[in-house]
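A look at the structure
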Amino acid sequence: MSVLKFSIPEIFFGRESLKYSSVCAKRLGAEKIFFVTDPGLEQSGWIDVLFDIFEDENLEWVHYSNVASNPRDWQIHEGADLYLDEGCDVVVALGGGSPMDAAKGIALVASNGGRVQDYEGANRIQRPLPPMIFMPSTAGSGSDVSQFAIVTDVERRVKMSIISRTLVPNISIIDPILLTTKSRELIISSAIDAFAHAVESYLSPIAFSITEIHSLKAMELIMKYLPRALQSNDLDDLEQLSIAGTSAAMAFSNAGLGVDHALAHSLGGMLDVVHGLIHPVLLPHVLRYNMVVCLDKVADIGRIVLGRSLGTPEATAKAGIEKLEAYFHSLGVATRLRDIVSDRVNLSQICEMAIQDSCVLSNPRVATVEGLMQICEAAW
Ligand SMILES: [Fe+2]
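Residues numbered from 1 in each chain as written. Predicted model: local features only at pLDDT ≥ 70, side-chain atom pairs only at ≥ 80, totals over all residues.

1. A look at the pairing of strand 6 (residues 132-136)
Which entries qualify depends on this criterion: Neighbour density around each residue's C-beta defines its exposure: 20 or more other C-beta atoms within 10 Å make it buried, 12 or fewer make it exposed, and counts between make it partly exposed, where C-beta atoms are placed from the backbone. In this description a helix means any DSSP run of H or I spanning at least four residues, a strand means any run of E spanning at least two, and both kinds are numbered starting from the N terminus. Strands qualify as paired when DSSP identifies two bridges or more between them.
Taking burial as the measure, the 5 residues of strand 6 include 5 buried ones, the bulk of the element. The pairing of strand 6 with strand 9 (residues 171-174) spans 2 bridges and is classified as parallel. Residue Ile-133 lies in a different strand from strand 9, and its bridge partner there is Ile-171.

Rendered as structure tokens:
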């Protein structure tokens, strides 16, 4: 067996773990924190809780919250300038994927210089980043664990994937209590995103035993606990979604994603749609596209979705995909591409951009523009 690498941050997991944020920051040498969040979170009340925690440790901080859903390149540059002007030393982020990805971009540009576009793709970061502590407020993006940062290049209307070991935060503090203040829509879109991370990392040609265990467990938990959590809003159920999101993130960060995410990034860059809501449209068709080369693995996914195996791997795989479509439908989300893309003529441009995304490289079946068009046509 060849030597394999599995990178994750130090993880604090559990209810009220947020209170460890300032101790962690001090341990990493913080005197002046650069704190990143988004306007939505400012209204949630969690910011005040966190600032009290910072104050208790006599920490200073600079607060940056000019972060859009799907963070923009110019926001990264604005944040990096502020980080340097203020002489900050540790980056702390609280929020969903957008503020965490923005925080990674800010840490990157502040320490390595240039523009965020200079680092698009895999392994292009040369110098170390400042210490990072991330606290996810959703259970899905996995940015608090992963080697990925996704930033929108406004001029090109492209969501850039930046992938590097140095983008893994030093510490991830996962407090499931934060999920109790999230809307139904956000819980759904985050959980579906985590499910897509789990599926794509499981099918990746660079998946291995440690990533596969996390992928499978994440799928199992989301199938079981998402419907329960939506009904109950109970912390026990939400906590299971947090575990699922973290497991899926540990898997995809180390095994990569696939063409579902390549297309989702392309669609997101062009149309600024909610990332997690693109997967119900694409994922079943991506599974059908990929199952030609990894039938047994798609059957494993089918077994989890169905809760049992059928007579053959092919029957289990096909029935699992159909059940997954019904599951997405039951959540009340859009399941056809025409509900997201207004004009069919945009599809070829979306596929042309998607084929250049780094996620294509870890798809199990070789992807071509024609293949991506085939998926989009099936999803239309
Ligand atoms: Fe995602």
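2. Concerning the nonpolar core
Defined as follows: The term nonpolar core means buried Ala, Val, Leu, Ile, Met, Phe, Trp, Tyr and Cys residues held together as one set by C-beta atoms within 7 Å. What marks off one domain from the next here is an automatic or database domain assignment. With C-beta atoms placed from the backbone, a contact is any residue pair whose C-beta atoms sit within 7 Å.
Ile-106 and Ile-222 are the most contacted members of the largest nonpolar core, which totals 123 residues. For this core, the element with the highest residue contribution is helix 6 (residues 184-203), accounting for 11 residues. Among the domains, domain 1 (10-178) and domain 2 (183-379) are the pair contributing at least three residues each to this core. In contact with Ile-106, other than residues within four places in its own chain, are Val-36, Ile-76, Gly-79, Ala-80, Tyr-83 and Val-91.

3. Description of the environment of Ala-354
Following the sequence through the fold, Ala-354 ends up in helix 13 (residues 347-354). C-alpha separation for the pair Ala-354 and Ile-188, spaced 166 residues apart in sequence, amounts to 24 Å.

4. What to know about the domain arrangement of the chain
Counted only if it meets this: Charged residues are taken to be Asp, Glu, Lys and Arg, nonpolar residues to be Ala, Val, Leu, Ile, Met, Phe, Trp, Tyr, Cys and Pro, and polar residues to be all remaining types, Gly included.
Looking at the chain, the domain boundaries give domain 1 (10-178) and domain 2 (183-379). Placing a centre on the C-alpha atoms of domain 1 and another on those of domain 2 gives a separation of 26 Å. With 4 residues, strand 8 (residues 158-163) is the largest single contributor of residues to the side of domain 1 that touches domain 2. Classifying every residue of the side of domain 1 that touches domain 2 by side-chain character gives 10 nonpolar, 10 polar and 2 charged.

5. Some words on unusual backbone geometry
For Asn-70, which is not a glycine, the phi torsion comes out positive at approximately 65°. A residue is classified by how many C-beta atoms lie within 10 Å of it, and Asn-70, with 21 of them, is buried.

6. As for the sheet that holds strand 6
Operational definition: For every element, the axis is a line fit to its C-alpha atoms; helices are fit only across the contacting stretch, and the angle between N-to-C directions ranges from 0 to 180 degrees.
Pairing within the open sheet is parallel, and its 6 strands lie in the order 1-9-6-4-2-3. Each edge of the open sheet carries a strand with a single partner, namely strand 1 (10-13) and strand 3 (60-64). Going from strand to strand, the sheet's axes swing by 20° on average, the running direction of each strand aside. Across the sheet, helix 4 (residues 73-86) is in contact with strand 2 (32-36) and strand 3; its angle to strand 3 comes to roughly 160°. In the packing of helix 5 (residues 97-112) onto the sheet, contacts are made with strand 2, strand 4 (90-95) and strand 6, and the angle to strand 4 comes to roughly 165°.

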